[in-house]
Amino acid sequence: GDSVTQMEGPVTLSEEAFLTINCTYTATGYPSLFWYVQYPGEGLQLLLKATKADDKGSNKGFEATYRKETTSFHLEKGSVQVSDSAVYFCALSDLTGGGNKLTFGTGTQLKVEL
Amino acid sequence: KAGVTQTPRYLIKTRGQQVTLSCSPISGHRSVSWYQQTPGQGLQFLFEYFSETQRNKGNFPGRFSGRQFSNSRSEMNVSTLELGDSALYLCASKVTGTNEKLFFGSGTQLSVL
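Residues numbered from 1 in each chain as written. Chains lettered and ligands numbered in written order. Predicted model: local features only at pLDDT ≥ 70, side-chain atom pairs only at ≥ 80, totals over all residues. Heavy atoms only, no water.

**Concerning unusual backbone geometry**
Note the cis peptide between Gly9(A) and Pro10(A), where omega equals 0°. Inspection of the secondary structure puts Pro10(A) in the loop between strand 1 (3-6) and strand 2 (11-14). Residue Pro8(B) is bonded to the preceding Thr7(B) through a cis peptide linkage, with omega at -10°. The phi torsion at Ser72(B) lies on the positive side, around 80°, for a residue other than glycine. As for its placement among the helices and strands, Ser72(B) is situated in the loop between strand 7 (64-68) and strand 8 (74-78). Assessed through its relative accessible area of 12%, Ser72(B) is described here as buried. (Helix = DSSP H or I, 4+ residues; strand = E, 2+ residues; numbered from the N terminus. Buried < 20%, exposed > 50% of the residue type's maximum accessible area, 1.4 Å probe, protein only.)

Here it is in structure tokens:
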């Protein structure tokens with residue numbers, strides 16, 4: 001079945017450091033790929049998405065490129081802020097059965113310090 | 001526009017009891033999905049409802065069930081609770097169709113003692 005593997009956390013960075021969170025996937029067909037973010041005590045929010053190979057999703061300084069050849073969708077940000085501290089989830093969308101089921105990675109906690 | 005509303009926010013139950021969680025989607029959204037989030041298993045898909053019909057189901061035992069009403073509000077029920085059912089249960093809604101943005105509620109934190 002479909003699966004998503006992302007790097008384990010926590011990842012601790014200083015403010016203005018460069019961020020990379022690795023994500024690879026296994027899927028049949030051509031899934032859409034997503035990054036969701038979860039702030040403490042809240043539900044998940046969509047951060048960015050890409051629907052086909054070589055697409056780049058971007059939002060709030062974060063970006064990720066859909067790489068079909070390496071089955072990857074790594075999240076990057078050039079300069080992180082303390083307010084980026086959260087848990088980040090990589091996910092893919094399975095359209096089996098006419099519905100829309102998301103398969104998530106285990107999440108990577110990011111801590112940004114001053 | 002109000003977001004996805006889940007009630008209650010916290011629940012404490014004992015083993016063997018049953019529980020019902022409620023989710024009100026964003027106005028106009030007709031699809032509602034449920035996910036279970038635990039530290040060990042992460043986020044796992046429970047089921048999706050669209051126009052009162054279950055469209056997709058995850059790999060959970062029959063103790064987990066759900067339904068959707070004509071106003072798109074959804075409930076999920078867990079019977080004969082087990083300790084392992086302790087989790088954050090998240091509801092998400094979207095307008096309809098595929099690959100569209102999912103909007104998540106803040107979840108119901110269920111603790112089974």
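So much for the structure itself; the text now carries on.
**Focus on the layout of surface pockets**
Empty space within the largest pocket amounts to approximately 370 Å³. Looking at the largest pocket, it is lined by 18 residues, and the ones nearest its centre are Asp2(A), Lys101(A), Thr103(A), Gln44(B) and Phe45(B). Sorting the residues of the lining of the largest pocket by element identifies strand 1 and strand 11 (101-104) of chain A together with strand 5 (42-50) of chain B as the ones contributing at least two each. Its residues assigned to classes, the lining of the largest pocket shows six nonpolar, nine polar and three charged. As a volume, the second largest pocket reaches approximately 290 Å³. If you trace the second largest pocket, you find 15 residues lining it, with Phe89(A), Thr106(A), Gln37(B), Thr38(B) and Pro39(B) closest to the centre. Elements with a minimum of two residues in the lining of the second largest pocket: strand 10 (86-94) and strand 12 (108-113) of chain A together with strand 4 (31-38) of chain B. (1 Å grid on protein atoms, 1.4 Å probe; cavity = no way out; pocket = protein on both sides within 12 Å on 5 of 7 lines; lining within 4 Å. Points joined across faces, edges and corners; volume = space filled by probe spheres on them. Nonpolar A, V, L, I, M, F, W, Y, C, P; charged D, E, K, R; others polar.)

**Side note on the environment of Val4(A)**
Residue and element names in this part refer to chain A. The topology assignment puts Val4 in strand 1. Considered as a pair, Val4 and Ala53 are 49 residues apart in the sequence and their alpha carbons are 16 Å apart. Setting aside residues up to four positions removed in sequence, Val4 forms contacts with Cys23, Thr24, Tyr25, Cys90, Ala91, Leu92, Thr103, Phe104 and Gly105. (Contact = heavy atoms within 4.5 Å.)

**Here's the deal with the state of the cysteines**
Counted according to the given criterion, the structure contains two disulfides over all chains. Across a sulfur-sulfur distance of 1.9 Å, Cys23(A) and Cys90(A) are joined as a disulfide pair. In this structure, the disulfide formed by Cys23(A) and Cys90(A) twists by about -70° around the S-S bond and is classed as left-handed. Linking Cys23(A) in strand 4 (residues 23-26) with Cys90(A) in strand 10, this pair joins segments that are 67 residues apart in sequence. Each of the two residues, Cys23(A) as well as Cys90(A), counts as buried. Covalent S-S linkage joins Cys23(B) and Cys91(B), the inter-sulfur distance amounting to 1.8 Å. Every disulfide takes its handedness from the sign of the S-S torsion; for Cys23(B) and Cys91(B) that torsion is -60°, giving left-handed. Placement of the pair is Cys23(B) in strand 3 (residues 19-24) and Cys91(B) in strand 9 (residues 87-94), with a sequence separation of 68 residues. Its relative accessible area of 0% is what places Cys23(B) among the buried residues. (Disulfide = S-S within 2.5 Å.)

**Section: the packing of aromatic side chains**
Applying the stated criterion across every chain yields a total of 12 aromatic pairs over all chains. When the ring of Tyr25(A) is compared with that of Tyr66(A), the centres are 6.1 Å apart and the planes differ by 80°; the resulting orientation is edge-to-face. Taken together, the residues span a long stretch of sequence, with Tyr25(A) in strand 4 and Tyr66(A) in the loop between strand 8 (62-65) and strand 9 (75-77) at a distance of 41 residues. Taking the centre distance of 5.6 Å and the plane angle of 85° together, the rings of Phe104(A) and Tyr35(B) count as edge-to-face. Taken together, the residues Phe104(A) in strand 11 and Tyr35(B) in strand 4 connect one chain to another. Tyr35(B) shares its class with Phe104(A); the two are buried. Among the aromatic residues, ring-to-ring pairing joins Phe34(A), Tyr36(A), Phe89(A), Phe104(A), Tyr35(B), Phe45(B) and Phe104(B) into one connected group. Lying across the ring of Tyr10(B), Arg9(B) places its NZ or CZ 5.2 Å from the centre. The lysine or arginine in question, Arg55(B), covers the ring of Phe50(B), its NZ or CZ lying 4.6 Å from the ring centre. (Phe/Tyr/Trp six-rings, centres within 6.5 Å; stacked < 30°, edge-to-face > 60°. Lys NZ or Arg CZ within 6 Å of the ring centre and 35° of its normal.)

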